[in-house]
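Chain residues, written in single-letter form:
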Amino acid sequence: MKAITANPETIREVFSKRYIIPDFQRPYSWDKETCGKLWDDITGFYGTGTTKDDKYFLGNIVINPSAKKTDASWEVVDGQQRLTTLLLLIKALHSNAGTVKALEKCLRIEDPLTSELTDELRVNSYVISEDRENLQMVIMDKTQDMPECNILKNYKFFCEKIEEWRKYNGQTSEALNSFILALLDNIVLLPIHCGSEDDALVIFETINNRGMSLSDADIFKAKLYHNTPESGQDKFITDWSALYNHDWLFRILMHILRAKAGDSSKETGMRAYFTKTDSPLKNYSEIMRSLKIINNIEYEWYGSDEIFSLWCIMYTYPNYYWNFPLFVFLHKYGLFDENAKEFVLPDRYMGQFTTLLEETVKYFFIKGVVYNSVNAVRDTVYKVCVDIEKEKDYLSDYKTNIYKEDLADFKDLLATDRLKRYQRGVVLLAAYLNPKQDKKDFANFMDGKVEIEHILPKKWNNYDGWTDKLWSEKLNILGNLVPLSKKLNIAAKNEFFDKKKEYYKKSEVQDVKDLLKVKEWKPGDVMAKQKEKKERLLKYFI
């Protein structure tokens, strides 16, 4: 890491430089409420009565030297929202005050030869949006031709606030000039000057605690955009906007590309992987096609009732590593119609994929219940991904890494209430495996809001032979749990068993329907269901 310096600067000093908002940043997003807080901070400070020595700290900005221009300019990694908003406030003051040269110098760059102000702004946005044009139009007094946007709304907001302030403070030019001087010379920012973009990103992520961290996908988007020929950049923006959860798509893509490269080593950071010297992002067209495929599988593809149900059950799993082998397989063997935006897995591969999904379910739940650690599954997942891509016996990777001791511990734990984070998934899987369960009905059920119902309720009542001790022992074992739609679960919540059955009649889940044949819910009934579900699960897993 190169040398990093940080010295407080007044607004006048900050806006004596040229800033570039890099293309990986998000578009300008501050709203009137956020601008109102900034305005209140500044006017509140001024209202206390300022002297030349009084300063008000307005926050940090993180910057590094920009390579986009030959002359001195700074790339803003953190602080673009604040700098842009301050520029709008300065413009609103300039519009209200008339000709104040000090404000104009904060808005626009001076010609180094003539000292005349140019049309180039102090803050120049390269974000892939309309921010640059909108900011230019506001600063150059062309708002009559502008579309409604945050930049225009916030500029108008500051204009209104300044008018209100002037009325309250007597409408004198002396009062406004005093306020302008306080803004320029008594309000300070702390620019953190970093030697490189990488250093700036590290510093930003270390100190940023305001919620919206810069995502990896923001960086990748900018690099893909620049790798795309100019003739295709509009289409790129359209295609990118049609994708969801970009960071997640890139994480899956990284494992697909690692599998293609035969890399089963420890996973590296996603940003390091995609921004290395031989970055895959250089092949922009293939990257975008893969992202579209992953997006379509994640949000559109159904497969079959069995595939959909098991996939939904896996969504309950407390880590995401189970996804990677499935996506590697689908990306390798599936077909994608880009015009129709439709992913299809040919029939000849459906059986293989269903088997892979089932073996993934078995491996992850056994390892999860027994070890409750991501370390127990990661290395195997990386190997499975590579072997799928290399068309080797990937199923044996799962099977050889489930040991006799694992199976014995798993069998014992199924009989307890110690399933921890895996309880929800195991309850759903037990219901899915009910031999009388209609698979389409179960898939429809899983497409809604699903909760886990405690047949003997969490709020205990002393009835049907239950004691406090028995209730606490049996409350959270499999025999007392069934999946139920959220609506029905709310209705049945703490009712007596006979009353609950009125709601159970409406369920699509066979495990719930089977309860209708039970007259009372006594300890013996719970244990009978416990034995039934345990045997059903063990038959599947072992």
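This text goes with the structure placed above it.
What counts, and where the lines are drawn
Position numbers for residues start from 1 in each chain and track the written sequence from start to end. This being a predicted model, a pLDDT of at least 70 is required before a residue's local features are given, and a value of 80 or more before pairs of side-chain atoms are given or counted; all residues contribute to the totals for chains, interfaces and linings. With hydrogens and water set aside, each side-chain value is computed from the structure's full complement of heavy atoms. Throughout, exposure labels follow a simple rule: accessible area from a 1.4 Å probe, protein chains only, divided by the maximum for the residue type, with under 20% read as buried, over 50% as exposed, and the rest as partly exposed. Helix and strand assignments come from DSSP, with helices taken as H or I runs of at least 4 residues and strands as E runs of at least 2, each series counted from the N terminus. Strands are labelled as partners when DSSP assigns at least two bridges between them. Whether two residues are in contact is decided by their heavy atoms: any pair within 4.5 Å suffices. For salt bridges, the criterion is a side-chain nitrogen of Lys or Arg within 4 Å of an Asp or Glu carboxyl oxygen.

Asks: Describe the pairing of strand β9 (residues 187-193), with residues and values.
Replies: On a regular strand, one side chain projects to one face of the sheet and the next to the other, so that they alternate. The element β9 is extensively covered by neighbouring structure, given that seven of its seven residues are classed as buried. Neither face of β9 is left uncovered, since the one carrying Ile187, Leu189, Pro191 and His193 and the one carrying Val188, Leu190 and Ile192 both have all their residues buried. By the bridge criterion, two bridges tie strand β1 (residues 5-6) to β9 in an arrangement that is antiparallel. The residue of β9 that forms the bridge with threonine 5 is histidine 193. The pairing of strand β2 (residues 9-10) with β9 spans two bridges and is antiparallel. Each bridged residue has a counterpart across the sheet, and for threonine 10 the counterpart in β9 is valine 188.

Asks: Which residues make up helix α5 (residues 131-139), and what values do they have?
Replies: If you check which residues of α5 are buried, you get Asp131, Asn134, Leu135, Met137, Val138 and Ile139. Structurally, α5 contributes buried residues whose contacts are with α3 (80-97), α4 (101-107), β6 (108-110), β7 (117-121), β8 (123-125) and α6 (150-168). Downstream of α5 by one or two residues, aspartate 141 has phi in the positive range, about 60°.

Asks: Residues and numbers for the pattern of salt bridges, please.
Replies: Scanning the model with the defined rule gives 34 salt bridges in all. For lysine 332, the salt bridge goes to glutamate 391, with nearest N and O atoms at 3.3 Å. Note that lysine 332 is positioned in helix α15 (residues 323-333) and glutamate 391 in the loop between α17 (378-389) and α18 (395-399), a separation of 59 residues in sequence. Using a relative accessible area of 25% as the deciding quantity, one classes lysine 332 as partly exposed. The residue aspartate 511 makes a salt bridge to arginine 536 at a minimum N-O spacing of 3.1 Å.

None of this, on its own, says anything about what the molecule does.
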